[in-house]
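Each chain is listed here by its residues.
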Amino acid sequence: MRDWVLHLDLDAFMAAVEILRNPELRGRPVVVGGNGDPTTPRTVVATASYEAREYGVHSGLPMRTALRRCPDAVYLPIDLPAYEAASAAVMTLLHTSPSPSRCGGLDEALPRRPHRRPRGSRPRHPARRHPQDRLTCSIGIGDNKHQAKLAAQFEKPSGVSRLTTDTWPHVMGERPTTALWGIGAKTGKKLADLGLHTVAQLAAADPAELAARFGPTNGPWLRYLALGKGESTVTTTPWVPRGHSHETTFTQDLTDPAAMRAHVAAMAVRLAAETEGRPVVRVTVKVRSAPFTTHTRQAKLPEPTHDATTIEQAALAVFDRFDHGRPVRLLGVSVEYG
């Protein structure tokens, strides 16, 4: 007997919840994002049904682009309370299992089960029968969380796949570095500039060269990912966030510093009300200027505090350190707990 890490990923989760609430949407392209109006500037797709994905609509795509690609889709606003309720129902079901299970987000969980060997490396096609009255999920099986999370994406929707240390070189070796969990387009381009285009090339890279380019921690970590390594311990201990944040993207750029300060102050006061008794020790402000330049600045508070006025004043003091000569398209405030 040995333990395998399982990664459960609910399929097209937000769209699936909307379809479950309104069965008339079943079989139609459904796009969830922003306020549901795809003509609103600077809003992005949160989730798209698989019917919409056939048109090239995916998470993170600007809603306006989604509208051009799939004008006949049903566009819906994000309804976070509904998704949280659906997620809680799934997680409650998982927690009734005798095996440890940890929530990885609204649509992800990490059960852990002992088996002599993982069940099939390919999905059982009967699982592709989509029930009309429930959510579906895909499951990845691996030796660690990294492998299991990647495997869960291989056979969506309603698939079961495995990726283990033994199969890693064959399955992942020739894939691009961006196929790895944690490596995005920007890092992938930097790796390509070093001649590292595939997972196998990154796994064979010189750790010292990676450290020189990406830093003494991040550089070796990238190679660690390419080797298929990762954490394998799954506990039921709930994850406790180290901080909290809010940000707003404006449909029209802000040019009035007084209006910007008002938004920063409002977000800081809101965060102060959401600390759940945890003292704030640091405040960070993010400003994205037109066309798309993002800067952050932060300040450590003289002492930990729950006081909303102190947190608000600290956020404004940080904001005042920015150059306010350019239009602003996004403002954000975050707090770190002690």
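The residue numbers shown here count from 1 along each chain, following its written sequence. This being a predicted model, a pLDDT of at least 70 is required before a residue's local features are given, and a value of 80 or more before pairs of side-chain atoms are given or counted; all residues contribute to the totals for chains, interfaces and linings. The basis for every side-chain value is the complete set of non-hydrogen atoms in the structure, without hydrogens or water.

Our focus in this paragraph is the pairing of strand S12 (residues 328-337). For a regular strand, the rule is simple: side chains alternate between the two faces of the sheet. For each residue, the accessible area found with a 1.4 Å probe, counting protein chains only, is set against the maximum for its type, and the residue is called buried under 20%, exposed over 50%, and partly exposed in between. A run of H or I in DSSP counts as a helix once it spans at least four residues, and a run of E counts as a strand once it spans at least two, with each numbered from the N terminus. Buried residues dominate S12, accounting for eight of its 10 residues. Strands are treated as partners if at least two bridges between them are detected by DSSP. The pairing of strand S9 (residues 243-254) with S12 spans eight bridges and is antiparallel. Bridge assignment links histidine 246 to a residue of S12, and that residue is valine 333. Where strand S10 (residues 280-289) and S12 come together, nine bridges link them in antiparallel fashion. Paired with valine 283 across the two strands is valine 335, which belongs to S12.

Here we come to unusual backbone geometry. With an omega of -5 degrees, the peptide bond between lysine 156 and proline 157 qualifies as cis. Relative to the elements of secondary structure, proline 157 occurs in the loop between helix H5 (145-151) and strand S8 (160-163). Phi at arginine 42 takes a positive value of approximately 60 degrees, unusual for a residue other than glycine. By the element assignment, arginine 42 lies in the loop between strand S2 (30-32) and strand S3 (47-48). At serine 158, a residue that is not glycine, the phi angle is positive and equals roughly 60 degrees. Tracing the backbone through its elements, the reader meets serine 158 in the loop between H5 and S8. Look at serine 158 and you get buried, because its relative accessible area is 4%.

Ranked by internal contacts, the top residues of the largest apolar core, which has 26 residues, are Val283, Val285, Phe319, Leu331 and Val333. Put simply, the parts of the chain that give this core at least two residues each are S9, helix H11 (257-272), S10, helix H12 (308-319) and S12. Considering every element that reaches this core, the biggest residue donor is H11, with seven residues. Whether two residues touch is decided by their heavy atoms; if any such pair falls within 4.5 Å, the residues are in contact. Among all residues touching leucine 331, those that are not within four sequence positions of it are His246, Glu247, Thr248, Phe250, Leu254, Met260, His263, Val264, Met267, Lys286, Val287 and Phe319. In this text, buried Ala, Val, Leu, Ile, Met, Phe, Trp, Tyr and Cys residues form a nonpolar core when linked through side-chain atoms within 4.5 Å. One finds Met14, Ala15, Leu25 and Val74 within the second-largest nonpolar core, a separate group that totals 19 residues.

What follows is about the sheet that holds S2. What the three strands build is an open sheet, ordered S3-S2-S4; its pairing is mixed. Sheet topology places S3 and strand S4 (74-76) at the edges, where each strand pairs with a single neighbour. Pairing geometry for S2 and S4, over three bridges, is parallel. Of the residues in S4, the one forming a bridge with valine 30 is valine 74. In the packing of helix H1 (residues 13-21) onto the sheet, contacts are made with S2, S3 and S4, and the angle to S2 comes to roughly 120 degrees. Each axis is a line fitted through C-alpha atoms, taken for helices only over the stretch in contact, and angles between the N-to-C directions span 0 to 180 degrees.

So, about the pattern of salt bridges. Should a side-chain nitrogen of Lys or Arg be within 4 Å of a carboxyl oxygen of Asp or Glu, the pair is scored as a salt bridge. For the coordinates displayed, the defined rule picks out 11 salt bridges. Arginine 42 is paired through a salt bridge with aspartate 253; the nearest N and O atoms lie 2.5 Å apart. Here arginine 42 is found in the loop between S2 and S3, whereas its partner aspartate 253 is found in strand S9, with 211 residues between them in sequence. Look at arginine 42 and you get partly exposed, because its relative accessible area is 29%. The class for aspartate 253 is partly exposed, based on a relative accessible area of 27%. Several salt bridges converge on common partners, so that one network encompasses Asp9, Asp11 and Lys156.

Right, let's talk about the packing of helix H7 (residues 185-193) against helix H9 (residues 207-214) for a bit. Direction vectors running N to C along H7 and H9 enclose 125 degrees, while the axes themselves pass 12 Å from each other. By the angle class used here, H7 and H9 are oblique. The element H7 and its partner H9 pack so that their crossing is right-handed. Residues Thr187, Lys190 and Leu191 of H7 lie in contact with H9, whose contacting residues are Leu210, Arg213 and Phe214. Considering only residue class, the contact of H7 with H9 consists of three nonpolar, one polar and two charged. Each angle receives one of four descriptions, namely roughly parallel if under 35 degrees, roughly antiparallel if over 145, roughly perpendicular if within 65 to 115, and oblique otherwise. Each crossing gets its handedness from the near helix: less than a right angle anticlockwise from the far helix is left-handed, clockwise is right-handed. Note on residue classes: Ala, Val, Leu, Ile, Met, Phe, Trp, Tyr, Cys and Pro are nonpolar, Asp, Glu, Lys and Arg are charged, and everything else, Gly too, is polar.

Scope: geometric values only; no functional claims are made or implied.
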